[in-house]
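# Fold and contact review
Below, each chain spelled out in residue letters.
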Amino acid sequence: QVQLVESGGGLVQAGGSLRLSCAASGRSLSSYPMGWFRQAPGKEREFVAGISWSGYTYYADSVKGRFTASRDNAKNTVYLQMNSLKPEDTAVYYCAINFRERAGIGTTEAQYDYWGQGTQVTVSS
């Protein structure tokens, strides 16, 4: 069993930045891929970014060049640095861990086993 807790969300103006954190307890994250997803009101949850156990990253086209995923295995934490935020980035952001597939980065919800509770990000225009 693992618990994931996101933090760092908030209200920011367009063009601003936020850094989300996802801290894990109960199990080490270091050997597994992690993903960030988001869900806007009235929309399905969508993949945003992922980071492999080795630090390889992959991004949705909508955030490429603006968001950066990273991980600090010593702190059992992953991060999502979000720059140049846009109103369309407004959503609840979730982190998730994939315990079944060490290789690669999953981009679908079904590939992840545990999820955090989410943190709200609101970008005003």
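Refer to the structure presented above.
In this text the structure is predicted, and so the values were computed from the model without any measurement.

## Some details on the state of the cysteines
- All chains considered together, the criterion is met by one disulfide.
- Residue pairing for C22: its cysteine sulfur links by disulfide to C95, the two sulfurs lying 2.0 Å apart. Taking the sign of the torsion about the S-S bond as the criterion, the disulfide between C22 and C95, at about 60°, is right-handed. Of this pair, C22 sits in strand β3 (residues 18-25) while C95 is found in strand β9 (residues 91-97), placing the two residues 73 residues apart along the sequence.
- We classify C22 as buried; its relative accessible area is 0%.

## With respect to the pairing of strand β4 (residues 34-39)
- The buried fraction of β4 is high, at five of six residues.
- Counted along the chain from β4 to the antiparallel partner strand β5 (residues 46-51), the turn is six residues long, and its residue G42 has a positive phi close to 80°.
- Summarising the sheet, β4 and β9 pair through six bridges and their orientation is antiparallel. Looking at the pairing, F37 lines up with Y94 of β9.

Conventions adopted
Residues numbered from 1 in each chain as written. Predicted model: local features only at pLDDT ≥ 70, side-chain atom pairs only at ≥ 80, totals over all residues. Heavy atoms only, no water. Disulfide = S-S within 2.5 Å. Helix = DSSP H or I, 4+ residues; strand = E, 2+ residues; numbered from the N terminus. Buried < 20%, exposed > 50% of the residue type's maximum accessible area, 1.4 Å probe, protein only. Pairing = 2+ DSSP bridges.

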